[in-house]
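Chain by chain, the residues run as shown.
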Amino acid sequence: MSTPTAQLAEAGVSIWLDDLSRTRISSGNLAELISSRNVVGVTTNPTIFANAITDKNDTSYDAQVAELAASGATAEDAVFAATTQDVGAALDIFRPVWEQSGHVDGRVSIEVSPDLAHDTDGTVAQATQLWSTIDRPNLLVKIPATKAGLPAITAAIAQGISVNVTLIFSLERYAEVIDAYLAGLEQAKDAGVDLSTIHSVASFFVSRVDTETDKRLTAIGTDAAEALKSKAGLANARLAYELFEQSFATDRAKALLAAGANAQRPLWASTGVKDPALPDTLYVTELVAPGVVNTMPEKTLEATFDHGVVTGDTITGGYDEAREVFAGLAEVGIDFTDVTQVLEDEGVAKFIDSWHDLLTQVNEALEAQR
């Protein structure tokens, strides 16, 4: 009997887990999720690694920290060593998935340092370092969709590095991300790089959009404003999918696809609901379409498995309704451009905070060992 997650996969959605730790790898839990929950990839970020490495109940990093302390490693060195080891191990577990999917899935993402979010050259340098250090063809290097990140995306793609573009909130920025990807493919083609080896996903954040928009709708307080709650995130994502369809149907994109390139798949990120009044699977069941990735925290993954999902396409055909949501938001006074800029700024800041918390705690662990 087909499970709900299997049905979701059959509908064209690639299920990725938004979490990773050494214990999850060594215990066999990750392999179990692949076999029982149709998980075909993993995403990580600084917050995820901070939670894993600093977990007082997880001793799996202790031996490596002691070894690094003895070698005189800095906190940055230690975090780089620990995270690249975890991602490399996860990539090896996913290697059969990568092969069976024709190199589409079986992907694991690792992010460049959040301190580089506004540093193009630094981002390219670290993306290159991560790519060469981990040295697995199914790796994705995460680069944020900041203004400085856009040329870094192009440069990384041009080198043949597969990229997960993260922290996308607005359609305008998403259009720039697609352009950066296509420009990178064009440069790679000119340089003789095999385009079929380059993969990319564009991580479009969903629940955070509702959190920020709903807060503003509550402040407005009218019936019209209240009626628009919990609708902006889905409307934004649906119009992003429309933009994806349109962008990869252009002559420019079709020429690259004909030369062996892969379309940059939309990835739904931030899919755990923030409002407890909402169904746990809201950002899964309402965002089903062929060729998308949905990266889920484990709670959302289990809710999807337990409660079932809508297996038909719930995105295409909903574009006019999505535009009506945005018209309604404008009518009640929501400045959505400001919403998405605030979310981008907050997203970068949160990852920087998590990164520095991680460095501080790892430094303390190193000093304790010394």
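What you see is a predicted model, and the numbers here were worked out from it, not measured in a lab.

The rules behind the values
Residues numbered from 1 in each chain as written. Predicted model: local features only at pLDDT ≥ 70, side-chain atom pairs only at ≥ 80, totals over all residues. Heavy atoms only, no water. Pairing = 2+ DSSP bridges. Helix = DSSP H or I, 4+ residues; strand = E, 2+ residues; numbered from the N terminus. Axes fitted to C-alpha atoms, helices over the stretch in contact; angles between N-to-C directions. UniProt positions renumbered as here; feature names shortened; annotations may be inferred. Contact = heavy atoms within 4.5 Å. Polar contact = N/O pair within 3.5 Å; in protein donor to acceptor, adjacent residues only side chain to side chain. Buried < 20%, exposed > 50% of the residue type's maximum accessible area, 1.4 Å probe, protein only.

### A look at the sheet that holds strand E4 (residues 139-144)
Turning to step 1, where the next piece is worked out: With parallel pairing, the eight strands of this closed barrel are ordered in space as E1-E2-E3-E4-E5-E6-E7-E8. Strand-to-strand twist across the sheet, computed as the mean angle between neighbouring axes with direction ignored, equals 30 degrees.
Turning to step 2, where the next piece is worked out: As paired strands, strand E7 (residues 265-269) and strand E8 (residues 292-296) are joined by two bridges and run parallel to one another. Within E8, the residue paired with Trp268 across the bridge is Asn294.

### As for unusual backbone geometry
Turning to step 1, where the next piece is worked out: If you check the backbone angles, His103 has positive phi at about 75 degrees while not being a glycine.
Turning to step 2, where the next piece is worked out: Considering the arrangement of structural elements, one finds His103 in the loop between helix H6 (75-100) and strand E3 (107-111).
Turning to step 3, where the next piece is worked out: Within the chain, Ser230 stands out as a residue other than glycine whose phi angle is a positive 65 degrees.
Turning to step 4, where the next piece is worked out: Along the polypeptide, Ser230 turns up in the loop between helix H11 (223-226) and helix H12 (232-247).

### Here we look at the UniProt feature "active site" (unreviewed entry) in the chain
Turning to step 1, where the next piece is worked out: According to UniProt, the positions carrying the feature "active site" (unreviewed entry) are Lys142.
Turning to step 2, where the next piece is worked out: Assignment of secondary structure puts Lys142 in strand E4.
Turning to step 3, where the next piece is worked out: The contact partners of Lys142, leaving out residues within four places of it in the chain, are Thr43, Thr44, Asn45, Ser109, Ile110, Glu111, Val112, Asn164 and Thr166.
Turning to step 4, where the next piece is worked out: Separated by 2.8 Å, the side chain of Lys142 and the backbone oxygen of Thr44 make a polar contact.

### Considering the pairing of E8
Turning to step 1, where the next piece is worked out: Where burial is concerned, most of E8 is hidden: five out of the five residues are buried.
Turning to step 2, where the next piece is worked out: With burial as the criterion, each face of E8 is covered, one bearing Val292, Asn294 and Met296 and the other bearing Val293 and Thr295.
Turning to step 3, where the next piece is worked out: Bridge count for strand E1 (residues 13-17) against E8 is five bridges, and the pairing is parallel. Paired with Leu17 across the two strands is Met296, which belongs to E8.

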